[in-house]
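Here are the chains, one letter per residue:
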Amino acid sequence: MLNSIKLKDKILEVPIIQGGMGVGISLSNLVGNVMSENAMGVLSFAHPGYNRSTFLKNTSEDNFIAMKEEVKNARKISNGKGLLGVNIMVATSEYALYVKECVKLGVDAIISGAGLPLNLPELTKGSDVLIAPIVSSAKALNLIIRRWDKHHNKIPDFVVIEGSEAGGHLGFKKEDVLNDTCESIDEILEQCLKLVVDYEEKYNQKIPIFVAGGIFTGRDIAKYVKQGASGVQIGTRFIATEECDADEKYKEMFVKAKREDIIIVKSPAGFPGRAIRNKFTERLDKDGRIPVKYCVDCILPCNPKNTVYCITDALIRAVKGDVENGLVFSGTNAYRIDKITTVKELISELVSEANNELR
């Protein structure tokens with residue numbers, strides 16, 4: 001049976017984390033409903049204020065205002081159930097400010113990837129917020145955990161290890177993803193479980209590990225729980241739910257997608273990404289670059305003069321329903337989705353399947 005997980009001083013009754021998806025995919029409606037099923041809903045701090053009328057002029061201010069509203073709404077929808085997390089990319093230009101704002105807002109957890117969150121303990125010092133890195137290798141986790149231990153007397157409250165089948169930005173080299181030569185998530189999990197043992201003993205604190213990337217069924221969940229994982233993080237399947245905050249046309253892209261439509265794309269963030277093929281990706285393949293019309297200075301590696309495209313513009317177009325001229329990030333198993341369901345039905349299905357396998 002799937003067991004509840006203790007995350008420091010908090011309890012996650014259903015060991016499923018809904019992946020934080022931006023721009024505008026996982027906001028309060030999706031997140032609050034995931035929480036209401038006693039799982040962890042995760043807001044994305046990738047431009048939550050994208051839909052505000054002043055966004056292009058007051059990007060930071062609008063993001064802060066919107067996040068405050070989204071946290072409040074998610075809490076209201078969840079009715080006191082579940083845990084509330086926020087995903088903040090390390091590559092975000094205002095990373096430190098976003099982290100500190102989430103601490104003020106009293107979220108339960110901050111999850112950080114797209115870079116190494118080496119200073120996350122310092123930014124959250126004095127708070128009871130759970131902090132967790134997203135890593136794609138035991139090497140990365142080792143670097144983070146050694147730094148946190150040495151400089152901050154702190155270890156992760158939990159860890160998300162993300163394999164090469166995940167959606168959005170990937171922590172692997174493009175050639176390895178395309179050639180299927182990435183280290184398997186099974187290998188990464190085994191290495192990370194061994195890595196954390198000494199630190200768990202030193203701090204007398206469990207470091208739960210959640211597996212992400214390609215998790216589609218309850219049987220997948222059971223497989224990794226049997227291997228020692230505490231639970232899983234799932235993103236793509238939550239997109240095809242009635243409660244997801246994206247436009248209906250966005251959701252339908254996943255229902256209609258075929259296996260050959262799931263491709264690897266370039267990203268201004270400096271990472272390869274996985275997305276659904278459309279006119280935007282075809283134009284990118286043909287032209288090599290889509291000129292930037294405006295810049296909101298959102299990610300550190302990006303230079304609007306030579307970046308391949310504006311990822312903010314591309315993601316906003318898609319989430320608003322212009323799915324042919326925007327970027328639709330996707331996990332590798334998106335083509336397996338054949339209908340729009342509800343969060344309640346999805347989580348119930350996943351838990352039931354997992355429990356049947358674990359009996």
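Residues numbered from 1 in each chain as written. Predicted model: local features only at pLDDT ≥ 70, side-chain atom pairs only at ≥ 80, totals over all residues. Heavy atoms only, no water.

The name given to the protein chain in an unreviewed UniProt entry is Probable nitronate monooxygenase, with Parvimonas micra as the source organism.

Peer 1: Just to check I follow, could you spell out the packing of helix α5 (residues 138-152) against helix α7 (residues 185-203) for this structure?
Peer 2: When two helices pack together, their arrangement is captured by the angle between the axes and the distance separating the axes. Across the interface, α5 lies against α7 with an axial gap of 9 Å and an inter-helix angle of 15°. With respect to their mutual orientation, α5 and α7 come out roughly parallel. The element α5 and its partner α7 pack so that their crossing is right-handed. Facing Ala 138, Leu 141, Asn 142, Ile 145, Arg 146 and Asp 149 of α5, the residues of α7 in contact are Ile 188, Gln 191, Cys 192, Leu 195, Val 196, Tyr 199, Lys 202 and Tyr 203. When its residues are assigned to classes, the contact of α5 with α7 shows nine nonpolar, two polar and three charged. (Axes fitted to C-alpha atoms, helices over the stretch in contact; angles between N-to-C directions. Helix = DSSP H or I, 4+ residues; strand = E, 2+ residues; numbered from the N terminus. Parallel < 35°, antiparallel > 145°, perpendicular 65-115°, else oblique. Left-handed = near helix turned anticlockwise from the far one by under 90°. Contact = heavy atoms within 4.5 Å. Nonpolar A, V, L, I, M, F, W, Y, C, P; charged D, E, K, R; others polar.)

Peer 1: For this particular structure, what's the right way to read the packing of aromatic side chains?
Peer 2: Two aromatic rings are characterised by how far apart their centres lie and by the angle between their planes. This structure, assessed with the given rule, holds six aromatic pairs. Ring centres of Phe 45 and Phe 64 lie 6.2 Å apart, and the angle between their planes is 80°; on these two criteria the pair is classed as edge-to-face. With Phe 45 in the loop between β4 (40-44) and α2 (59-78) and Phe 64 in helix α2, the pair connects residues that are 19 residues apart, well separated along the chain. Both rings, one in Phe 158 and one in Phe 210, keep their centres 5.7 Å apart while their planes meet at 75°; by these two values the pair is edge-to-face. (Phe/Tyr/Trp six-rings, centres within 6.5 Å; stacked < 30°, edge-to-face > 60°.)

Peer 1: Would you mind showing me how to read the state of the cysteines here?
Peer 2: Here a disulfide denotes a covalent bond joining the sulfur atom of one cysteine to the sulfur atom of another. What the rule picks out here adds up to zero disulfides. The structure places no disulfide on Cys 192, whose sulfur is separated from the nearest cysteine sulfur, that of Cys 182, by 15 Å. For Cys 192, a relative accessible area of 0% translates into the label buried. (Disulfide = S-S within 2.5 Å. Buried < 20%, exposed > 50% of the residue type's maximum accessible area, 1.4 Å probe, protein only.)

Peer 1: What should I look at first to understand the nonpolar core in this one?
Peer 2: Side chains that are nonpolar tend, in soluble globular proteins, to be buried together. With 105 residues, the main nonpolar core has Ile 161, Phe 238 and Leu 327 as its most contacted residues. The residues that make up this core include at least three from each of domain 1 (5-248 + 337-358) and domain 2 (258-329). Aside from chain neighbours lying at most four places away, what touches Ile 161 is Val 135, Ile 185, Ile 188, Leu 189, Cys 192, Ile 209, Phe 210, Val 211 and Ala 212. One finds Ile 17, Val 42, Leu 130 and Ile 134 within the second-largest nonpolar core, a separate group that totals 16 residues. (Core = buried A, V, L, I, M, F, W, Y, C linked by side-chain atoms within 4.5 Å. Domains from an automatic or database assignment.)

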